[in-house]
Amino acid sequence: MNNMKQLHKQSNANQRRDEEMPTSQTPPYSPKSLKHPSSTHRYLPRSINYIIKEQRLLFTLIGILIGSAFVILRPSFTTISIADTGRGYEIPSMPRSTAISNQDTVSHYYRPVNKGVGRVPVAIGQKRRRVVVTGGSGFVGSHLVDKLIARGDDVIVIDNFFTGRKENVAHHFGNPRFELIRHDVVEPILLEVDQIYHLACPASPVHYKYNPVKTIISFFLALSSSTNVMGTLNMLGLAKRIGARFLLTSTSEVYGDPLEHPQKETYWGHVNPIGVRSCYDEGKRTAETLTMDYHRGDDVEVRIARIFNTYGPRMCLDDGRVVSNFVAQAIRKQPMTVYGDGKQTRSFQYVSDLVDGLMALMEGEHIGPFNLGNPGEFTMLELAQVVKETIDPSATIEFKENTADDPQKRKPDISKAKNFLNWEPKITLREGLPRMAADFRNRILNEDEGKGVK
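Residues numbered from 1 in each chain as written. Predicted model: local features only at pLDDT ≥ 70, side-chain atom pairs only at ≥ 80, totals over all residues. Heavy atoms only, no water.

Draft legend 1. Representation of the pattern of salt bridges within the structure. By the definition in use, this model includes 21 salt bridges. The residue aspartate 146 makes a salt bridge to arginine 314 at a minimum N-O spacing of 2.9 Å. Remark: arginine 314 occurs in the loop between β10 (310-311) and α11 (322-331) and aspartate 146 occurs in helix α6 (residues 139-151); sequence separation between them is 168 residues. Arginine 314 matches aspartate 146 in its accessibility class, with the two residues each being buried. In this structure, glutamate 167 and arginine 165 form a salt bridge, with 4.0 Å as the shortest nitrogen-oxygen distance. On the basis of relative accessibility, which here comes to 55%, the residue glutamate 167 falls in the exposed class. (Salt bridge = Lys/Arg side-chain N within 4 Å of Asp/Glu carboxyl O. Helix = DSSP H or I, 4+ residues; strand = E, 2+ residues; numbered from the N terminus. Buried < 20%, exposed > 50% of the residue type's maximum accessible area, 1.4 Å probe, protein only.)

Here it is in structure tokens:
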């Protein structure tokens, strides 16, 4: 019994001694407690302290150096060298199923270099653009569409077919990069594109005189006191909303019956504002004004081209323009109609030259306006002689009274386009006229066969 009491007292004494011992005297073991941070690190932020401790910064820098060396030295370039007219071209590696059918398509994938063999990053290539062409089924518009499609762009054509023809773009039907929308530009339309070529407007005297109000509306229409506009302003508004670059195809008609010869872009013109041609002349002048106002006021990227007389395949057979008139009449064995004394002068450019100029202007960094035309000048009688030599030496000429406000002289000064766009026409009238005549012959023959003409 006594032994039990002594054990109980001893255990109580041990318990009291344990409770009185401070807990700080027996701290738990921790390997980190052996490391005493320096006074400098004690006052740094925890994130910096974390990087500095245990040489983490050194290992991070070593990792960056290794990664950079891997990217720089890794053979990530593939080169294929071909020859074209003595120059070397490079192409990124493409799937074997990819086919390149013509030189225009080749120019989209290839880029010229100074040496025959070089290196092009696989991931680098020209961005495929989404381009809208108003009036794209017309004479000039359809040739522009061909060139854009060949370059590799996605093209949307907007046309109401007042003067355009579906046949001009039918060869693109089924192409996933081509889209045709039947739409009148006097009504708004919502699209997402990178570039806008605005060609929509009747351009021949027969068409724009047929409906002069429609012609000028296709450029500009103000309703009451507000700025509700159609045509050109619809396209300018679209360009403003989506940040697209806008190109206006104006005309040499803005110079009217010029008192300056040849005509430079600085010439303001000599136009009859109430004549039968004024719907077209003043409409284009107004369109230029609106284009520049959108550029100055809303920072819209714009380009302005002043197009001189253009000819080539797909022109309307009976549109009243002198080249198409002469060619169609000569093929049909009809007298070629010369208005006035035939001493009026014009300058004629082939359509492919014009398309090259329009694309150079759109891709360049200069607003314009730029004259796009062939400075080779012909009188109407000289033109008739070239048509006779090309199509039918027995063709005759019929003189008629001249039309109102017909300009007496027209010749572009293209110095500005040469200097800033590196552009000038290449195809002469004697070279281009046979190509146009072949197209007209086929269409007139088909037209006559449809009518049962033998």
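Draft legend 2. The arrangement of the environment of valine 387 in detail. Note that valine 387 resides in helix α13 (residues 380-390). Along the chain, valine 387 and alanine 437 lie 50 residues apart, while their C-alpha atoms are 9.1 Å from each other. What valine 387 contacts, discounting residues up to four positions off in sequence, is Phe326, Val327, Ala330, Met336, Asp392 and Leu433. (Contact = heavy atoms within 4.5 Å.)

Draft legend 3. Structural view of the side chain of serine 252. When you line up the elements, serine 252 lands in the loop between β8 (245-251) and α10 (278-298). The exposure class assigned to serine 252 is buried, which follows from its relative accessible area of 2%. Not counting chain neighbours up to four residues away, the residues in contact with serine 252 comprise Arg306, Ile307, Phe308 and Arg410.

Draft legend 4. Looking closely at the sheet that holds strand β5 (residues 154-159). As summarised here, the arrangement of the seven strands in space is β6-β5-β4-β7-β8-β9-β14, forming an open sheet in which the pairing is parallel. Edge positions in the open sheet fall to β6 (178-182) and β14 (370-372), since each of these has one partner strand only. Here the strands of the sheet are splayed against their neighbours by 20° on average, with no regard to which way each runs. Lying over the sheet, helix α9 (residues 232-242) contacts β4 (130-134), β7 (195-198), β8 and β9 (302-307), oriented at roughly 170° with respect to β7. Across the sheet, helix α12 (residues 351-363) touches β7, β8, β9 and β14, and the angle it forms with β9 is around 160°. (Pairing = 2+ DSSP bridges. Axes fitted to C-alpha atoms, helices over the stretch in contact; angles between N-to-C directions.)

Draft legend 5. Main features of the nonpolar core. Formed by 58 residues in total, the largest nonpolar core has its most connected members in Val133, Tyr197, Tyr311, Val323, Val327, Leu358 and Leu433. What valine 327 contacts, discounting residues up to four positions off in sequence, is Val387, Ile391, Leu433, Met436, Ala437 and Phe440. Listed in part, the 25 residues of the second largest apolar core include Ile189, Leu233, Leu236 and Phe246. (Core = buried A, V, L, I, M, F, W, Y, C linked by side-chain atoms within 4.5 Å.)

Draft legend 6. View of the pairing of β5. Burial of β5 is extensive: six of the six residues sit out of reach of the surface. Burial along β5 is two-sided: the face carrying Asp154, Ile156 and Ile158 and the face carrying Val155, Val157 and Asp159 are both buried. The pairing of β4 with β5 spans five bridges and is parallel. Residue pairing across strands places valine 132 opposite isoleucine 156, the latter belonging to β5. Following the backbone out of β4, through α6 and into the adjacent parallel β5, one traces a crossover that is right-handed. When β5 meets β6, the two strands line up parallel, connected through five bridges. Following the sheet pairing, valine 155 is matched in β6 by phenylalanine 178. (Right-handed = clockwise from strand over helix to strand, strands pointing away.)

Draft legend 7. Spatial organisation of the packing of α9 against α10. Where α9 meets α10, the axes come as close as 10 Å, and the angle between the chain directions of the two elements is 20°. In terms of their interaxial angle, α9 and α10 are classed as roughly parallel. Two packed elements cross with a definite hand, and for α9 against α10 that hand is right-handed. Residues Thr232, Leu233, Leu236, Gly237 and Lys240 of α9 form the contact with α10, whose own contacting residues are Ala287, Leu290, Thr291, Tyr294 and Asp298. Tallied by class, residues from the contact of α9 with α10 come to five nonpolar, three polar and two charged. (Parallel < 35°, antiparallel > 145°, perpendicular 65-115°, else oblique. Left-handed = near helix turned anticlockwise from the far one by under 90°. Nonpolar A, V, L, I, M, F, W, Y, C, P; charged D, E, K, R; others polar.)

Draft legend 8. How the structure looks around α6. Taking 1.5 Å of rise per residue, the 13 residues of α6 would be expected to cover 18 Å, and the 19 Å separating its terminal C-alpha atoms lies within 8% of that figure. The element α6 is extensively covered by neighbouring structure, given that twelve of its 13 residues are classed as buried. Every buried residue belonging to α6 is among Phe139, Val140, Gly141, Ser142, His143, Leu144, Val145, Asp146, Leu148, Ile149, Ala150 and Arg151, and all of these are buried. Glycine 152 lies just past α6 and shows a positive phi near 110°. (Expected span 1.5 Å × (residues − 1).)

Draft legend 9. How the structure looks around the side chain of threonine 337. Looking at the element boundaries, threonine 337 is found in strand β11 (residues 336-339). The contact partners of threonine 337, leaving out residues within four places of it in the chain, are Phe326, Gln329, Glu398 and Lys400.

Draft legend 10. Region of the structure containing a nonpolar patch on the surface. A contiguous nonpolar surface patch, about 410 Å² in accessible area, is contributed by Leu58, Phe59, Ile62 and Ile66. Structurally, isoleucine 66 is set in helix α4 (residues 56-73). Judged by relative accessible area, which is 58%, isoleucine 66 ranks as exposed. (Patch = residues over 30% accessible without salt bridge, like charges linked within 9 Å, V, L, I, M, F, W, Y side chains within 5 Å. Areas by Shrake-Rupley, 256 points an atom, 1.4 Å probe, with all protein chains shown as cover.)

Draft legend 11. Unusual backbone geometry, seen in detail. Cis rather than trans, the peptide bond between histidine 261 and proline 262 has omega equal to -10°. Within the secondary structure layout, proline 262 lies in the loop between β8 and α10. A cis geometry characterises the amide bond from glycine 368 onward to proline 369, with omega recorded as 5°. With respect to the helices and strands, the residue proline 369 is situated in the loop between α12 and β14. One non-glycine residue with positive phi stands out, namely aspartate 299, at about 60°. Residue position: aspartate 299 is located in the loop between α10 and β9. In this structure, asparagine 422 is a non-glycine residue whose phi angle is positive, near 55°. Relative to the assigned elements, asparagine 422 resides in the loop between α14 (415-421) and α15 (429-451). With a relative accessible area of 74%, asparagine 422 lands in the exposed category.

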